[in-house]
Protein chains: 2
Amino acid sequence: MSDTTPKGAAAQVAGKPCILCCAITGSLPTKANNPAVPITVSEQIESSHAAFEAGATIIHAHVRNDDETPSSDPDKFLALKEGLEKHCPGVIVQFSTGGRSGAGKTRGGMLLHRPDMASLSVGSNNFPTRVYENPPDLVEWLASEMTRYGVTPEVEAFDLGHILQAIALHKAGTLPGKLYVQFVMGVKNAMPADEEVFDFYAHVMATRAPDAEWCAAGIGAQQLRINEWAIAKGGHTRA
Amino acid sequence: MSDTTPKGAAAQVAGKPCILCCAITGSLPTKANNPAVPITVSEQIESSHAAFEAGATIIHAHVRNDDETPSSDPDKFLALKEGLEKHCPGVIVQFSTGGRSGAGKTRGGMLLHRPDMASLSVGSNNFPTRVYENPPDLVEWLASEMTRYGVTPEVEAFDLGHILQAIALHKAGTLPGKLYVQFVMGVKNAMPADEEVFDFYAHVMATRAPDAEWCAAGIGAQQLRINEWAIAKGGHTRA
Ligand SMILES: [Zn+2]
Ligand SMILES: [Zn+2]
Ligand SMILES: [Zn+2]
Ligand SMILES: [Zn+2]
């Protein structure tokens, strides 16, 4: 939950929270915007603990520097993981590899701490004010690191092509473990929250990757509609 | 035609050639790869002339530097346009604004020469070895320059989100003139040549932008299949 819950970016699908990478909100929430935003690792652990007690089964985790800017510091990720395992026994820990522009391989530097899952983008797209850059060689490298450390990726799909790419990479053996895809909608200059497109996404998953699981997340006001679509159209839950 | 014909990237749809921006081939063809590649402005004019006599009604134009690297030189674009108007009377001249990474506003520096049309990307995506970067502020600026100089854009859509973005921008008045969309498929790490997706694209255009025209282009071996789909599924021709 951590950073995204205060912005309302978590989509609860039949008991499974699907958490949208906060990177897409553009300027990240800070204490100045919202005093409830958990910034330190201890705050994130306690915020996640509350979510866990409310039924969350997966925690999507970012970490921050002391100045509240986004961090990829592997030590902070390790401390967060250890805290989550202690306070939220059995929870699925998912590290974010969502990137700031140009961050490159530092985006995957925490994978050696072997979280259960990690988010993975397999294509590029526009965000409200910039390009969300996921060049092919970085995608390949992140997937190989996840394979190396036994981390199951969850693909954040911002467009139809990303879904097809995820299925193709999974078939090719590039993505380890079971295939998980999260549809992300409602981000300005990326895919809007569109029910017909959502239905097509669900159809593509059902027919081309029947063993995969998918969920969906939206931004702000779109979130509740997208939750309803996901529940109605067969978004999977994690047992 | 110019640069792309020798690579076979032109999709002829019921008499209307839809030319795929050669930028997506990654490394551009040079004389060293293929002696038939037209490089100089005079060679491009003569190659276009031949295509025109064979029935082409639109010429998608790039220009090159003397060392065969891609150029955005407005003077070269002007010389090409003047040559095309003389050798191919009545042909529709379309300038490419397709970009090399990071080229920024130089990509639109030739629009002041008022071609009939210009290609426009409205989103970002992956190419075989890199990110095809079209950040929102550049898209907005290119569209405003096209509006200023009376140039009709043709949107090169590499994913479903680009089609929806084109329709939204056209409705908002950001894209001048009639809406033209070209579906581009078969580029590695972008949308594959997929008939079900093609059908969905055509359905989206027919229901959401019934006054628009669309065509389709593929890469290499995919080109003939995509031509057949476009003809079968109602890709428009330019009168
Ligand atoms: Zn995230
Ligand atoms: Zn606790
Ligand atoms: Zn081109
Ligand atoms: Zn001639």
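Not measured: the values here are computed from a predicted model.

A.B. asks: Whenever I open this one, the coordination of the zinc ion (ligand 4) confuses me. Can you help?
C.D. replies: Ideal donor angles around a metal are set by the shape: a four-donor tetrahedron calls for 109.5 degrees, a six-donor octahedron for 90 or 180 degrees. Residues and elements named next belong to chain B. Protein-derived coordination of the zinc ion (ligand 4) comes from Glu46 (OE), Glu46 (OE), His49 (ND1) and His87 (ND1), at a distance range of 1.9 to 2.6 Å. Metal-centred angles of 50 to 146° between the 4 donor atoms at the zinc ion (ligand 4) mark the site as irregular. For the zinc ion (ligand 4), the donor residues sit on a single chain with the sequence spacing E-x2-H-x37-H. Here His87 lies in helix 2 (residues 74-87) and His49 lies in helix 1 (residues 41-53), a separation of 38 residues in the sequence. For His87, a relative accessible area of 28% gives the class partly exposed.

A.B. asks: Would you explain the interface of chain B and chain A in this entry?
C.D. replies: Interface size, as often reported, equals the accessible area lost upon joining of the parts. Across the boundary between the two partners, chain B contributes 29 residues, which contact 29 residues of chain A. When the two sides are added together, the surface that chain B and chain A hide from each other amounts to roughly 2200 Å², 55% of it contributed by carbon and sulfur. Counting the surface chain B buries against chain A, the share from its top three residues, Pro136(B), Glu196(B) and Phe200(B), is 22%. Taken together, the links from chain B to chain A amount to 4 salt bridges. Note that Arg208(B) and Glu196(A) form a salt bridge whose closest N and O atoms lie 2.8 Å from each other. Summed over the shared surface of chain B and chain A, the number is 14 residue pairs in polar contact (both at pLDDT 80 or more). Taken together, the elements giving at least two residues each to the side of chain B that touches chain A come down to strand 8 (125-126), helix 4 (160-171) and helix 5 (195-208) of chain B.

A.B. asks: Got a minute to help me understand the packing of helix 4 of chain B against helix 5 of chain B in this structure?
C.D. replies: All names here are of chain B. Put simply, helix 4 and helix 5 touch, their axes get as near as 10 Å, and they point 15° apart. When the interaxial angle is binned, helix 4 and helix 5 end up roughly parallel. Pair helix 4 / helix 5 crosses with right-handed handedness. Here Leu160, Ile163, Leu164, Ile167 and Lys171 of helix 4 lie close against helix 5, whose contacting residues are Phe200, Tyr201, Val204, Met205 and Arg208.

A.B. asks: What is the right way to read the coordination of the zinc ion (ligand 2) from this model?
C.D. replies: Residue and element names in this part refer to chain A. Note on the zinc ion (ligand 2): its protein donors are Glu46 (OE), Glu46 (OE), His49 (ND1) and His87 (ND1). The metal-donor distances range over 1.9 to 2.7 Å. In this structure, the zinc ion (ligand 2) is surrounded by 4 donor atoms whose angles at the metal cover 50 to 148°, and the resulting shape is irregular. Between the donor residues of the zinc ion (ligand 2), the gaps in sequence give the motif E-x2-H-x37-H. Of this pair, Glu46 sits in helix 1 (residues 41-53) while His87 is found in helix 2 (residues 74-87), placing the two residues 41 residues apart along the sequence. Looking at Glu46, the relative accessible area reads 42%, which means it is partly exposed.

A.B. asks: Help me understand the pairing of strand 12 (residues 213-218) of chain A, please; the structure alone is not making it clear to me.
C.D. replies: Residue and element names in this part refer to chain A. Buried residues dominate strand 12, accounting for 6 of its 6 residues. With burial as the criterion, each face of strand 12 is covered, one bearing Glu213, Cys215 and Ala217 and the other bearing Trp214, Ala216 and Gly218. Running through helix 5 (residues 195-208), the crossover from strand 11 (residues 180-185) to the neighbouring parallel element strand 12 is right-handed.

Definitions and limits used
Residues numbered from 1 in each chain as written. Chains lettered and ligands numbered in written order. Predicted model: local features only at pLDDT ≥ 70, side-chain atom pairs only at ≥ 80, totals over all residues. Heavy atoms only, no water. Donors = N, O, S within 2.8 Å, 3.2 Å for Na, K, Ca; no water. Tetrahedral: all angles 85-135°; square planar, octahedral: opposite > 155°, others 65-115°. Helix = DSSP H or I, 4+ residues; strand = E, 2+ residues; numbered from the N terminus. Buried < 20%, exposed > 50% of the residue type's maximum accessible area, 1.4 Å probe, protein only. Contact = heavy atoms within 4.5 Å. Buried area = accessible area lost by both parts, 1.4 Å probe. Salt bridge = Lys/Arg side-chain N within 4 Å of Asp/Glu carboxyl O. Polar contact = N/O pair within 3.5 Å; in protein donor to acceptor, adjacent residues only side chain to side chain. Axes fitted to C-alpha atoms, helices over the stretch in contact; angles between N-to-C directions. Parallel < 35°, antiparallel > 145°, perpendicular 65-115°, else oblique. Left-handed = near helix turned anticlockwise from the far one by under 90°. Right-handed = clockwise from strand over helix to strand, strands pointing away.

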